Amino acid sequence: MKFHVIDASLTEFYLTNDDILHYKLAVNISVRNSNKMERISYHHIHSYPYCYGRYLHGVPLSSFRQGTKNTTFLYPVFQGQTKLKLLRGSQLRDFNYDQRDGNYSIYVYLYLTTQLKHAGGGKSGNSDYIVKCGLFRLHLLDSSSYSSSSNNQTGISGIFKSKRCKVYYNSDDT
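As recorded in an unreviewed UniProt entry, the chain goes by the name Late embryogenesis abundant protein LEA-2 subgroup domain-containing protein, listed as coming from Papaver atlanticum. Per UniProt, the comment on the chain under Subcellular location (unreviewed entry) is "Membrane".

Rendered as C-alpha cells:
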C-alpha cells in the first residue's frame with residue numbers, strides 16, 4: 001500500500017473572536033496497490049485533518065476493493081468549525097506565525113481496516129493501519145485565485161508537489 005497526497009487546497013481557514021476555527025480543506029489522495037499477487041479490500045476508512053495539536057472533524061470514506069497493480073483516488077473534503085481555545089506554548093506560537101504568514105501546516109490522518117485476498121483464493125485476517133499525510137505549508141486560497149477547473153494548491157513554485165504518506169500498522173486492539 002502506497003499513499004500519496006497529489007493535490008490539496010485550503011479555501012477557508014480563520015479564527016473568530018470567540019476562538020472558533022472555520023476551515024475548508026480538500027485533499028486528493030492516491031492509493032496504490034503495487035502488489036502483483038494480492039488484492040486489497042479497504043474497510044472502515046475514516047480521515048481527519050490535524051493541526052495545532054487538535055484533530056478537526058473527520059469524514060468517513062467509502063469502502064473499496066483494489067486489484068493488483070492498481071491505483072484508486074480518494075477525495076476527502078473537510079469543512080466545519082471547531083473550538084481552538086486554550087492553544088498554548090508552541091501550538092499558539094505556530095498558529096500565530098502561520099496566520100501572519102498565510103501558510104498553514106496541516107496533516108491528514110487516515111484510519112483504515114484492510115483485508116488481503118491472495119491469488120490462490122485465501123484471505124488474510126483484518127489489519128488496521130494509520131496513514132499519516134503531512135501537508136506542510138498550505139497557502140490559504142481565496143475564491144478569485146482559482147477556477148472550478150483548476151484548484152491546485154499553489155506555493156512558492158506555483159505547483160503542489162505530491163507528498164508520500166507514511167503507513168503504520170496499528171496494533172492497538174482497544
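Examining helix 1 (residues 89-101)
In this model, helix 1 (13 residues) spans 18 Å end to end at C-alpha, consistent with the 18 Å of a helix rising 1.5 Å per residue. Gly102 sits one or two residues past helix 1 and shows a positive phi near 80°.

A few points about the environment of Ser41
Residue position: Ser41 is located in strand 3 (residues 38-51). Sequence separation of Ser41 and Asn126 is 85 residues, and the distance between their C-alpha atoms is 9.4 Å. Leave out the neighbours within four places in its chain, and Ser41 touches Phe64, Arg65, Thr113, Thr114 and Gln115.

Comments concerning the environment of Glu12
With respect to the helices and strands, the residue Glu12 is situated in strand 1 (residues 2-15). Given the relative accessible area of 27%, Glu12 is considered partly exposed. Spatially, the C-alpha atoms of Glu12 and Leu140 are 6.8 Å apart, while their sequence positions differ by 128 residues.

Description of the state of the cysteines
Each disulfide is one covalent bond, formed between the sulfur atoms of two cysteines. This structure, assessed with the given rule, holds one disulfide. In this model Cys133 forms its disulfide with Cys165; the gap between the sulfur atoms is 2.1 Å. Judged by the sign of its S-S torsion, about 105°, the bond between Cys133 and Cys165 is right-handed. On the criterion of sequence distance, the pair formed by Cys133 in strand 10 (residues 127-139) and Cys165 in the loop between strand 11 (163-164) and strand 12 (166-169) is long-range, its members being 32 residues apart. For the pair formed by Cys133 and Cys165, the shared burial category is buried.

A short note on the pairing of strand 10
Inspection of the sheet shows strand 9 (residues 103-118) paired to strand 10 by eleven bridges, in the antiparallel sense. When the bridges of strand 10 are listed, Tyr107 appears paired with Gly134. Across four bridges, the pairing between strand 10 and strand 12 is antiparallel. Residue pairing for strand 12: Val131 is matched across the bridge by Val167.

Scoring rules and cut-offs
Residues numbered from 1 in each chain as written. Predicted model: local features only at pLDDT ≥ 70, side-chain atom pairs only at ≥ 80, totals over all residues. Heavy atoms only, no water. UniProt positions renumbered as here; feature names shortened; annotations may be inferred. Helix = DSSP H or I, 4+ residues; strand = E, 2+ residues; numbered from the N terminus. Expected span 1.5 Å × (residues − 1). Contact = heavy atoms within 4.5 Å. Buried < 20%, exposed > 50% of the residue type's maximum accessible area, 1.4 Å probe, protein only. Disulfide = S-S within 2.5 Å. Pairing = 2+ DSSP bridges.

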